[in-house]
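Fold and contact review
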Amino acid sequence: MDILKINHLRKSFGSLEVLKDISLTVKESEVLSIIGPSGSGKSTALRCATMLEKMDGGDLIYSGEYAAKDVDGVSVYADKTKLQQIKRDFSLVFQSFNLFPHYSVLKNITDAPIHVQKKSKKEAEEKAMELLAQMGLADKADSYPCQLSGGQQQRVSIARALAMNPKILFFDEPTSALDPELTGEILKVIKQLAMEKMTMVIVTHEMSFAREVSDKIIFMDKGVIVEQGEPEKVFSSENERMREFLKRYKA
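Presented here is an overview of the structure given in this document. Predicted, not measured: the structure shown is a model, and the values here were computed from it. (Residues numbered from 1 in each chain as written. Predicted model: local features only at pLDDT ≥ 70, side-chain atom pairs only at ≥ 80, totals over all residues. Heavy atoms only, no water.)

1. Quick notes on the overall build of the protein chain
Looking only at helices and strands, the protein chain features nine helices and eleven strands. In terms of overall dimensions, the protein chain is globule-like: its C-alpha atoms have a radius of gyration of 18 Å, near the 18 Å expected for 251 residues. Projecting the C-alpha coordinates of the protein chain onto the three principal axes gives extents of approximately 50 × 45 × 35 Å. Relative to its 251 residues, the protein chain shows a buried fraction of 53%. Restricting to contacts in the protein chain with at least 6 residues of sequence separation, those with at least 24 account for 63%. Computed over 35 positive and 36 negative side-chain charges, the inter-centroid distance for the protein chain is 2 Å. (Helix = DSSP H or I, 4+ residues; strand = E, 2+ residues; numbered from the N terminus. Rg over C-alpha atoms; globule rule 2.2 N^0.38 Å. Buried < 20%, exposed > 50% of the residue type's maximum accessible area, 1.4 Å probe, protein only. Contact = heavy atoms within 4.5 Å. Lys, Arg positive; Asp, Glu negative; His and termini not counted. Charge placed at Lys NZ, Arg CZ, Asp CG, Glu CD.)

Here it is in C-alpha cells:
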C-alpha cells in the first residue's frame, strides 16, 4: 500500500523555481532517503510533503486520501478538517530538536498525545516511558532539555514523534546539528526503526548510512530528481552530477 504519493510537485519562492516536477511514492514499511547537494530542494520537498510549505502545483496523497489535488496546474488543498485528519498519518523530526525547553522530557513526549489525540495521562505516560526505554533514556523522564546532550535531545524528539503512532516518519537531516560522535547514536536508532519496519523518509547527508538503511534513494539536484532506485543502482550510477556529488563523500 502507498502511504505517501506525490505527483508533479512544483514550488517556487518568488521568481526562484525550487522544485520542478517532483514525483515520488513511499510504500508501507519502506525507507526512502533523499540525498543531494545543499540547495537541491530536498528539504523543501520534505516541507511540502509535511504541509509546512504549500505546493504551487501537484498532488499530495496520504493512504489514498488527497491532501492536495492538482486542478489546472494549481494545488488545491482539502478542507481544514480533512487536513487535520491526514496530518495524523505522519510525524516529523527536525534537525534542531524543537523540544519545549520549559517542559520535562516526559511532558515533551506526552503533550501532543494528551491534547491532540485525547489520550489519558496514564496511557500517554506509559507509552512515553516505553519509548524512552527504547531510546536508552528511561532515567531522563524528569530531566529538562537543557540538561541533555544534543544526541539525547534528538532521541527525545524521535520518541515524541513516535508517541503519535504515525504511519510514516519524516527526518530532515536529523544529525546535522550534532557532533560526529553523537551522530552514531541517532543513526543507530533510525536503523532499529527500519528493522521494525517503520515507514520513513529521510533527508540526509550521511551517505554510507543512506546506502545501508534505505530501500530506495532519490538523488536531487537543482530542483529535479536526477537519479532514483535501489541504493546499489543509485550509488553506481554513471550520471555525471551523481558521480561529482559522491566524490565529495565517502560512501
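Moving on, there is more to tell.
2. Overview of the packing of aromatic side chains
Under the definition given, this model contains four aromatic pairs. Ring centres of Phe90 and Phe170 lie 5.8 Å apart, and the angle between their planes is 90°; on these two criteria the pair is classed as edge-to-face. Of this pair, Phe90 sits in strand E7 (residues 90-93) while Phe170 is found in strand E8 (residues 168-172), placing the two residues 80 residues apart along the sequence. You'll find Phe90 and Phe170 in the same group, each marked buried. One aromatic cluster is present, built from ring pairs that chain together Tyr62, Phe90 and Phe170. Above the plane of the ring of Tyr66 lies Lys69, whose end atom (NZ or CZ) is 4.4 Å from the centre. Looking at Lys107, its charged tip hangs above the ring of Tyr103, at a distance of 4.1 Å from the centre. (Phe/Tyr/Trp six-rings, centres within 6.5 Å; stacked < 30°, edge-to-face > 60°. Lys NZ or Arg CZ within 6 Å of the ring centre and 35° of its normal.)

3. As for the sheet that holds E8
With mixed pairing, the six strands of this open sheet are ordered in space as E7-E8-E9-E3-E10-E11. On the outer flanks of this sheet lie E7 and strand E11 (224-229), each paired with one strand and no other. Looking at each pair of strands side by side, their axes are set apart by 15° on average, direction ignored. In this sheet, strand E10 (residues 216-221) lies alongside strand E3 (residues 31-35) in parallel orientation, the contact comprising four bridges. Each residue of the ladder has a partner; that of Ile34, found in E10, is Ile218. Each of E3, E8 and strand E9 (200-203) is contacted by helix H6 (residues 180-195), which is oriented at about 150° to E9, the strand it contacts most. (Pairing = 2+ DSSP bridges. Axes fitted to C-alpha atoms, helices over the stretch in contact; angles between N-to-C directions.)

4. Let's talk about the pattern of salt bridges
Summed over all chains, the structure comprises 15 salt bridges. Its salt-bridge partner being Lys216, residue Glu30 comes within 3.5 Å of it at the nearest N-O pair. Highlighted residues: Glu30 in the loop between strand E2 (16-27) and E3 and Lys216 in strand E10, separated in sequence by 186 residues. The class of Glu30 is buried, set by a relative accessible area of 15%. Lys247 is the partner of Glu244 in a salt bridge, and the nearest nitrogen-oxygen pair spans 3.7 Å. With Glu244 and Lys247 both in helix H9 (residues 240-247), this residue pair falls three residues apart, about one helical turn. Several salt bridges share partner residues, and in doing so they unite Lys11, Arg47 and Glu53 into one network. (Salt bridge = Lys/Arg side-chain N within 4 Å of Asp/Glu carboxyl O.)

5. Re the pairing of strand E4 (residues 57-62)
For E4, the buried fraction is high: six of the six residues fall into the buried class. With burial as the criterion, each face of E4 is covered, one bearing Gly57, Asp59 and Ile61 and the other bearing Gly58, Leu60 and Tyr62. Bridge count between strand E1 (residues 2-13) and E4: five bridges; the pairing is antiparallel. Paired with Leu4 across the two strands is Tyr62, which belongs to E4. Following E4, the chain reverses through two residues before pairing antiparallel with strand E5 (residues 65-71); Ser63 in that reversal takes a positive phi of roughly 45°.

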